[in-house]
Amino acid sequence: MHCIDELLGALDDGAEAVLATVVKVQGSAYRRPGARMLIPQVGDPRGTVSGGCLENEVARKAWWLSEQGPKVVAYSTAADEDDPLDEAAFSFGLGCNGTVFVLMERVQHDSLLMRTLRRVRDRGEACALATVIASDGPLPVGARSVLGSEGWPQALNDQVQQGLACVLQQGKSALRRYRGEWGEVEVFLEYLAPARRLVVFGAGHDVQPLVRMADLLGWKVTVVDGRSHFARPERFPQAQAVLCAQAREPLPASVQLNGAAVAVMTHSLTQDFHWLQAALGSGAAYIGQLGPRDRTERLLADMDAAHLPALDRLHYPMGLDLGGDNPESVAMAILAEIAAVFNGRAGGPLKARRQGIHDVEPSVLHEASLIHETST
């Protein structure tokens, strides 16, 4: 699920549900490990674990498969008659040559998973979560741990804690296999990121589709403008906050720019100068300025460059070169560029990419080198 709020909201209502989580992928797959789908006992499923091809099958069998406890189920999208998972392949008929491993589990309101997700949501900070996805020892599939946790065999716990710290530092999930007196276990070390944040300076008509589209992506949006007739919550119902703040005044304390994407698009020279300067003095991950290149360079020329540490994160004119000049097209170009920056991509066409569509984790490429031996 792209939005933790949706998952937590469903469970906070007291609904019983099965959670399906992609924990491992071999070959080609539409979604990556960490993708989630919630299957309530009553009502429609929420979220996706594929591009739409596996969801009906997962929803149909989720309650039955999780009846005896958490279970990892493999779904093949290959069309090879010799594939041992051929039954699934024929039922989907995709020919994508991939296998998706999905953890099915009944979820509880006060479980470690739910507490961790609430922490990510409420504090806006990333967390790392370890989940056992295969085991030939006493540690069951579905067992979990977070940084600082105990309760697993000490030697295993020490290694898992190191892995969690590494995942949190690198901001990427990983798979690890550990072998010792506890047997052999495969653990999904999951990086749980908070919702991406977008701060838009400007509340004109062209900001409205930007906020709507960002909301569809699950981003948390704050809109700031000095004009009270524009900065009204009813104009931006999808925004988390809409603030009226005058130029030349300090940025409201509730507006946190560090780690956020910032889009400056007030269409006012005075406001743009003030808010762009504030953004350039912050720890924003992305800063975009709307308008022609020479207009932005005039704004920058009037600023004290010594106090603008984020110039390397400034994008102007803001957005990818997609063509189109209506507000929806501009919004799409802006969000596409921000997404590319967040994901460490160049934003070019996929046909020109020499690697696969998705980055392959080293832990998947070299699983054998990741088996850690301990003395017994």
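All of the points below concern the structure found in this document. For clarity, every value in this text was computed on a predicted model and none was experimentally measured.

Scoring rules and cut-offs
Residues numbered from 1 in each chain as written. Predicted model: local features only at pLDDT ≥ 70, side-chain atom pairs only at ≥ 80, totals over all residues. Heavy atoms only, no water. Salt bridge = Lys/Arg side-chain N within 4 Å of Asp/Glu carboxyl O. Helix = DSSP H or I, 4+ residues; strand = E, 2+ residues; numbered from the N terminus. Buried < 20%, exposed > 50% of the residue type's maximum accessible area, 1.4 Å probe, protein only. Pairing = 2+ DSSP bridges. Contact = heavy atoms within 4.5 Å. Axes fitted to C-alpha atoms, helices over the stretch in contact; angles between N-to-C directions. Right-handed = clockwise from strand over helix to strand, strands pointing away.

What about the pattern of salt bridges?
Next, step 1: Within this structure, the stated rule accounts for 15 salt bridges.
Next, step 2: Notably, a salt bridge pairs Glu190 with Arg36, separated by 2.8 Å at the nearest N-O pair. With Glu190 in strand E9 (residues 183–192) and Arg36 in strand E2 (residues 36–40), this residue pair connects regions lying 154 residues apart in the sequence.
Next, step 3: Residue Glu190 is classed as buried on the basis of its relative accessible area of 2%.
Next, step 4: We note a salt bridge from Arg298 to Asp294, for which the minimum N-O separation is 3.8 Å. Within this pair, Arg298 and its partner Asp294 are both found in helix H8 (residues 293–301), separated by four residues, close to a single helical turn.
Next, step 5: Connected via shared salt-bridge partners are Lys24, Arg177 and Glu186.

Things to note about the sheet that holds strand E5 (residues 98–107)
Next, step 1: Spatially, the five strands line up as an open sheet ordered E3-E2-E1-E5-E4, and their pairing is antiparallel. The open sheet has two edge strands with one neighbour each: strand E3 (46–47) and strand E4 (71–76).
Next, step 2: The strands touched by helix H2 (residues 55–65) are strand E1 (17–27), E2, E4 and E5; relative to E2, the strand with the most contacts, the crossing angle is about 60 degrees.

With respect to the pairing of strand E13 (residues 261–264)
In regular strands, side chains alternate between the two faces of the sheet.
Next, step 1: Burial along E13 is two-sided: Ala261 and Ala263 facing one way and Val262 and Val264 facing the other are all buried.
Next, step 2: Summarising the sheet, E13 and strand E14 (residues 286–289) pair through four bridges and their orientation is parallel. Of the residues in E14, the one forming a bridge with Ala261 is Tyr286.
Next, step 3: Taking the sense of rotation as the criterion, the β-α-β connection linking E13, helix H7 (residues 269–280) and E14 turns out right-handed.

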